[in-house]
Amino acid sequence: MDFSRLTVIFRFIIIGIVYIIILFALRIMYKDIKNGGRKKVTRKKAFGLEVLDPGRNSILKKGSVLPINREVTIGRKENNVLVMDDQFVSGHHARVFIKNTDYMLEDLGSTNGTLLNGERIDGKIILKVGDEIEIGSAAFKVIG
């Protein structure tokens, strides 16, 4: 067996592999230059509750916005995300949370109830932008 022929074949194979690597690197660099070094970022819409009427809550200010990322619990007890000092709000009154791609409002068995667009809710309900929520004497508007 003649090793000189094998050596020539392996040289061509190695040169071919080097050229393929160079072509892939040039292709990647071209795409980076073409995009200006920027990656496409899809931004998630901001979703939150705007205070329409603070009611009897000294903590809330009209026009302020409470952003909702994962879950927001609302009530008088200190372990809630939004602690309200309203006598008509239960210890754990309601929560707003994400389920799949929907934002949900759930009444947590409050004494005075949670109103969505003027109607009392029981259990969980899907929120839409523009909905109005009443908890105790406070009113919120869903924005997003």
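Remember, it's a predicted structure, so these values are computed and weren't measured experimentally.

Topic: the pairing of strand 11 (residues 138-143)
Pairing of strand 1 (residues 48-53) with strand 11 involves five bridges; the strand directions are antiparallel. The residue of strand 11 that forms the bridge with leucine 49 is valine 142. The pairing of strand 10 (residues 132-135) with strand 11 spans four bridges and is antiparallel. Along strand 11, the bridge assignment pairs glutamate 134 with alanine 139. Hairpin connection, strand 10 to strand 11: the antiparallel pair is bridged by two residues, and glycine 136 has positive phi, about 65°.

Re the sheet that holds strand 11
Across the sheet, which stays open at both edges, the six strands sit in the order 2-1-11-10-7-8 with antiparallel pairing between neighbours. Pairing within the sheet leaves two strands with one partner each, and these edge strands are strand 2 (65-67) and strand 8 (119-120).

Observations regarding the packing of aromatic side chains
Following the criterion strictly, the structure yields one aromatic pair and no others. Sitting over the face of the ring of phenylalanine 97, arginine 95 holds its NZ or CZ atom 3.8 Å from the ring centroid.

Re the UniProt feature "transmembrane region" (unreviewed entry) in the protein chain
Annotation from UniProt places "transmembrane region" (unreviewed entry) at residues 6-30. Secondary structure across residues 6-30 comprises 100% helix and 0% strand; the distance between its end C-alpha atoms is 36 Å.

Let's talk about the pairing of strand 5 (residues 94-99)
Both strand 3 (residues 71-75) and strand 5 contribute to a ladder of four bridges, which runs antiparallel. Looking at the pairing, valine 72 lines up with valine 96 of strand 5. Judged from the six bridges that link them, strand 5 and strand 6 (residues 102-107) form a sheet pairing that is antiparallel. Bridge assignment links arginine 95 to a residue of strand 6, and that residue is glutamate 106. Counting the residues that bridge the hairpin from strand 5 to strand 6 gives two residues, and of these asparagine 100 lies at a positive phi of roughly 60°.

Examining the pattern of salt bridges
Counted by the stated rule, this structure contains two salt bridges. A salt bridge links arginine 95 to glutamate 71; the nearest nitrogen and oxygen atoms lie 2.3 Å apart. Taken together, the residues arginine 95 in strand 5 and glutamate 71 in strand 3 connect sequence positions 24 residues apart. Given the relative accessible area of 38%, glutamate 71 is considered partly exposed. Here glutamate 106 makes a salt bridge to arginine 95, at a shortest N to O gap of 2.6 Å. Highlighted residues: glutamate 106 in strand 6 and arginine 95 in strand 5, separated in sequence by eleven residues. No difference in accessibility class separates glutamate 106 from arginine 95, as the two residues are buried. One salt-bridge network, in which partners are shared between bridges, spans Glu71, Arg95 and Glu106.

Rules used throughout
Residues numbered from 1 in each chain as written. Predicted model: local features only at pLDDT ≥ 70, side-chain atom pairs only at ≥ 80, totals over all residues. Heavy atoms only, no water. Pairing = 2+ DSSP bridges. Helix = DSSP H or I, 4+ residues; strand = E, 2+ residues; numbered from the N terminus. Phe/Tyr/Trp six-rings, centres within 6.5 Å; stacked < 30°, edge-to-face > 60°. Lys NZ or Arg CZ within 6 Å of the ring centre and 35° of its normal. UniProt positions renumbered as here; feature names shortened; annotations may be inferred. Salt bridge = Lys/Arg side-chain N within 4 Å of Asp/Glu carboxyl O. Buried < 20%, exposed > 50% of the residue type's maximum accessible area, 1.4 Å probe, protein only.

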